[in-house]
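Residue-level structural notes
The residues making up each chain are set out below.
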Amino acid sequence: MFISLTNSTNNYLKKHPDCDDIWTSWQTAGRGQAGNSWESEQGKNVLMSLRLRKPQVAVEQAFLLQMAVSLGVQEVVANLLPNRQVTIKWPNDIYVDNKKICGILIESTIADGQLTEAIAGIGLNVNQTVWQSNAPNPVSLKQLTGMDYDLPTIYEALYKNINNKLSLLSDIETLKQQYRSVLYRFGQKSLYALREVSMTPSRILTDIPENAFEATITDITPQGQLVLETATGSRMFHFKEIQFVL
């Protein structure tokens, strides 16, 4: 369902329990991971949320939902940009080369130890070319190709493909394999830095901090931990414990 304006598509679904999907081209208070805001120029981008009712995922493996939704978005963007490297930057940003084209925020509801539902919010930069905030590395489809895109067509492709990828929740090994295959920096020795947990919102590191270290991503656990092979051995990190140095 399309609406012309809302403060947040995730908030809209929370207030309308009978609605399972919503999208808009203008929201006034978009939210991202780790306390970040999400800037979007009026009428330029696709901002959407999907309600996932009673997902067949154990609470301790809820990150599998992040994998499926991220894969659904990544594939759509990759099809639109066949000559670009489109990846998922852990945990669920969509990157084109080293720039962020899409953010994803999944909010889950747990009752009696069960995952009862989740709301997946997606913000994809489509036709916007100027950002007013100090967002460090945004990019849009139009910036990359010079083309204008039809927003309803983009929304329909995202909606269809995300639901296709959610079907992989019944085949976890295939889901994990596909996620790893398009994971940003997977298998590459790169720089990382320990993150100050109190640092909200998060920021992009472009200068090398004192606590930077080289490591290689080797896996992602079903709980969403990033597995890095470091000079001192294998280590696992939760979201907010570590940062990429771009």
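Let me sum up the structure you'll find in this document. (Residues numbered from 1 in each chain as written. Predicted model: local features only at pLDDT ≥ 70, side-chain atom pairs only at ≥ 80, totals over all residues. Heavy atoms only, no water.)

Looking at the sheet that holds strand β9 (residues 189–194)
Our working definition: Between any two strands, pairing holds if DSSP finds at least two bridges. Working definition: helices are DSSP H or I runs of at least four residues, strands are E runs of at least two. Numbering for both runs from the N terminus. Comment: axis = line fitted to C-alpha atoms, over the contacting stretch for helices; angle = value between 0 and 180 degrees taken between N-to-C directions.
The strand order across the open sheet built from five strands is β12-β11-β10-β9-β13, with neighbouring strands paired in antiparallel fashion. Strands at the two margins of the open sheet, each flanked by one partner only, are β12 (233–237) and β13 (242–244). Neighbour-to-neighbour, the strand axes of the sheet open up by a mean angle of 50°, direction not taken into account. Pairing geometry for strand β10 (residues 212–220) and strand β11 (residues 226–230), over five bridges, is antiparallel. Bridge pairing in β11 links Ile217 to Leu228.

Overview of the packing of helix α2 (residues 63–80) against helix α4 (residues 151–166)
As a reminder, the rule being used: Throughout this description, any angle smaller than 35 degrees is read as roughly parallel, any larger than 145 degrees as roughly antiparallel, any in the 65 to 115 degree range as roughly perpendicular, and the remainder as oblique. Each crossing gets its handedness from the near helix: less than a right angle anticlockwise from the far helix is left-handed, clockwise is right-handed. Contacts: residue pairs with any heavy atoms within 4.5 Å of one another. Amino acids outside the nonpolar list (Ala, Val, Leu, Ile, Met, Phe, Trp, Tyr, Cys, Pro) and the charged list (Asp, Glu, Lys, Arg) are all regarded as polar, and Gly is one of them.
Between α2 and α4, whose axes approach to 8 Å, the crossing angle comes to 135°. On the basis of their axis angle, the class for α2 and α4 is oblique. Once α2 is placed against α4, the crossing between them reads as right-handed. Residues Leu65, Ala68, Val69, Leu71, Gly72, Val73, Glu75, Val76 and Leu80 of α2 pack against Ile154, Ala157, Leu158, Asn161, Ile162, Lys165 and Leu166 of α4. Its residues placed into classes, the contact of α2 with α4 shows 12 nonpolar, two polar and two charged.

Some details on the packing of α2 against helix α5 (residues 172–181)
Taken N-terminus to C-terminus, the directions of α2 and α5 make an angle of 55°; their axes are 10 Å apart at the nearest point. The angle between α2 and α5 falls in the class oblique. In this structure, α2 meets α5 at a crossing whose hand is left-handed. In contact with Phe63, Leu64, Met67, Ala68, Ser70 and Leu71 of α2, α5 contributes Ile172, Leu175, Lys176, Gln178 and Tyr179. Within the contact of α2 with α5, the residues separate by chemical class into eight nonpolar, two polar and one charged.

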